[in-house]
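Residue-level listing of the chains:
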Amino acid sequence: MEELNYNNPSLIIESANLKPGKVVWRSPSNIAIVKYWGKHGVQLPRNPSVSFTLASSITDTLIEYQPKETPSNEVELELYFHSERKEDFETKVKKYFASLIDIFPFIKQMSFVIRTGNSFPHSAGIASSASAMSALALGLCSIEDELFGGFENDAAFDKKASYLARLGSGSACRSIFPTMSVWGKTSHVEGSSDLYGIGIGDMVHENFKDFHDDILIVSGEEKSVSSTAGHALMEGNPFAEPRYNQARTNMGKVIAAIKAGDLETFGKITEEEALSLHAMMMNSNYLLMRPNSLKIIELVREYRRETNHPIYFTLDAGPNIHLLYPENIMPEVRVFVDEQLAPLCVDNYFIGDWVGEGPEQQ
Ligand code: 2P0
């Protein structure tokens, strides 16, 4: 595997130069087409994955830093989520920062206050780890940039941010780039790596660049199995190896379809991947779909048969349905969603999202 060592003992500030500062990043969530499900080592994927970067499902994160009153090896950090101290998330971020001290020794010299919030309601049941952890990783890279400079170019910055985001949450490393990203070594994409995501926007056919993702909220309940537990379950799953091979093969097929603008192949693989992910969970005795998830899937397939429209579903490791389709059929699809699918959602709620331009520094 590729060697990449970001450990850098020289990222320590002379105490005379320690000054307070702040950075703000807005970073999006992403939706996987070929799914990452199963990991090993330090946040390394068992198979490559590819995702759409979203536009409206975002996390805003402000990191304020100031010199510690007394230097120590402890991470000093307070975290406010939508203006309220959130201790469980704070503990997670503290651990994350502590794990990065060899890469960013300046973490030990500072005390941090993090103010963060999501555009989507907590009850939407959307995994926020991709947007949240990518925003934090970008923030830390910006602090490095402000204090030490030294990034050769934007690509070097993005690569490091993606690497660090991966250490926070695997899927987060795909949120750094516009349009679409690939994470995990695959012969089908040059430059791909298990260590960080790469942007593949330049190889995406026009047909996919204006895709919509209507996220249909079938249940707002907490996930019954966390991602960490879900990945771990793959270790004892007798279908794990065939599943990883299926994902590797699907990467080849879907990357070719993404380049060629082949909506049909794209759609077939997208749905197969979603159902295969859920089949893995069912094999571990978890049923993550709800009755309305299945009703929506049936309705989408029926609507596709009747209209011939390129409209496809996918799911994360939960009951909500992501409805993927191109902009040109949006007016018609929205009638279908409003009349037939929204009534199957909690309070008729869905989030109209679309393919996005990636993170922004504020
Ligand atoms: C994905 N998911 O590719 C897959 C599909 C959910 C279903 O990546 O343990 O939160 O933080 O590395 O990234 C969710 O897992 O897991 C996920 P960790 P993560 O988007």
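Below: a short report on this structure. From a predicted model like this one, the values you see are computed outputs, not experimental measurements. (Residues numbered from 1 in each chain as written. Predicted model: local features only at pLDDT ≥ 70, side-chain atom pairs only at ≥ 80, totals over all residues. Heavy atoms only, no water.)

### What about helix α1 (residues 87-99)?
Here is step 1: Counted at 1.5 Å a residue, the expected span for α1 with its 13 residues is 18 Å, and the 18 Å between its end C-alpha atoms agrees.
Here is step 2: All of the buried residues along α1 are F89, E90, V93, Y96 and F97. Burial along α1 is one-sided: seen end-on, the buried residues are contained in an arc of 125°. Turned more than 90 degrees away from the buried face of α1 sit E87, D88 and K95, all of them exposed. (Helix = DSSP H or I, 4+ residues; strand = E, 2+ residues; numbered from the N terminus. Expected span 1.5 Å × (residues − 1). Buried < 20%, exposed > 50% of the residue type's maximum accessible area, 1.4 Å probe, protein only. Arc of directions from axis to C-beta.)

### Description of the pairing of strand β10 (residues 212-216)
Here is step 1: Counting buried positions along β10 gives five out of five residues, so the element sits mostly inside the fold.
Here is step 2: Taking every second residue as pointing to the same face, both faces of β10 are buried, with H212, D214 and L216 on one and D213 and I215 on the other.
Here is step 3: Bridge count between β10 and strand β12 (residues 321-325): five bridges; the pairing is antiparallel. Along β12, the bridge assignment pairs I215 with H322.
Here is step 4: Bridge count for β10 against strand β13 (residues 350-354) is five bridges, and the pairing is antiparallel. For D213, the partnering residue across the bridge sits in β13 and is D353. (Pairing = 2+ DSSP bridges.)

### A look at the site of the ligand
Here is step 1: Around the ligand, 16 residues are found, and the nearest of them are K39, S169, G170, S171 and R174.
Here is step 2: Here an oxygen atom of the ligand sits 3.2 Å away from a polar atom, N or O, in the side chain of S129.
Here is step 3: At 2.7 Å, a side-chain N or O of S169 approaches an oxygen atom of the ligand.
Here is step 4: Its free accessible area being 460 Å², the ligand has 93% of it covered by the protein chains.
Here is step 5: Its residues placed into classes, the shell around the ligand shows five nonpolar, seven polar and four charged.
Here is step 6: Looking at the shell around the ligand, you find at least three residues from each of domain 1 (15-203) and domain 2 (206-354). (Near = heavy atom within 4 Å. Polar contact = N/O pair within 3.5 Å; in protein donor to acceptor, adjacent residues only side chain to side chain. Areas by Shrake-Rupley, 256 points an atom, 1.4 Å probe, with all protein chains shown as cover. Nonpolar A, V, L, I, M, F, W, Y, C, P; charged D, E, K, R; others polar. Domains from an automatic or database assignment.)

### Remarks on the packing of aromatic side chains
Aromatic ring pairs are described here by two measures, namely the spacing of the ring centres and the angle between the planes.
Here is step 1: The tally for this structure, following the rule as stated, stands at 14 aromatic pairs.
Here is step 2: Ring geometry for Y6 against Y163: centres 4.9 Å apart, planes inclined by 75°, an arrangement best described as edge-to-face. One end of the pair, Y6, is in the segment before β1 (21-34); the other, Y163, is in helix α3 (residues 154-168), and 157 residues separate them in sequence.
Here is step 3: When its relative accessible area of 11% is taken as the criterion, Y163 is described as buried.
Here is step 4: Where F104 meets F106, the ring centres are 5.1 Å apart and the plane angle is 40°; that geometry is what we call tilted.
Here is step 5: Residue F104 is classed as buried on the basis of its relative accessible area of 0%.
Here is step 6: Within the aromatic cluster, the residues linked to one another by ring pairs are F52, F208, F211 and F266.
Here is step 7: Over the face of the ring belonging to F81 we find K86, whose NZ or CZ atom lies 4.6 Å from the ring centre.
Here is step 8: The ring of Y80 has R115 sitting right over it, with the charged end atom 5.1 Å from the ring centre. (Phe/Tyr/Trp six-rings, centres within 6.5 Å; stacked < 30°, edge-to-face > 60°. Lys NZ or Arg CZ within 6 Å of the ring centre and 35° of its normal.)

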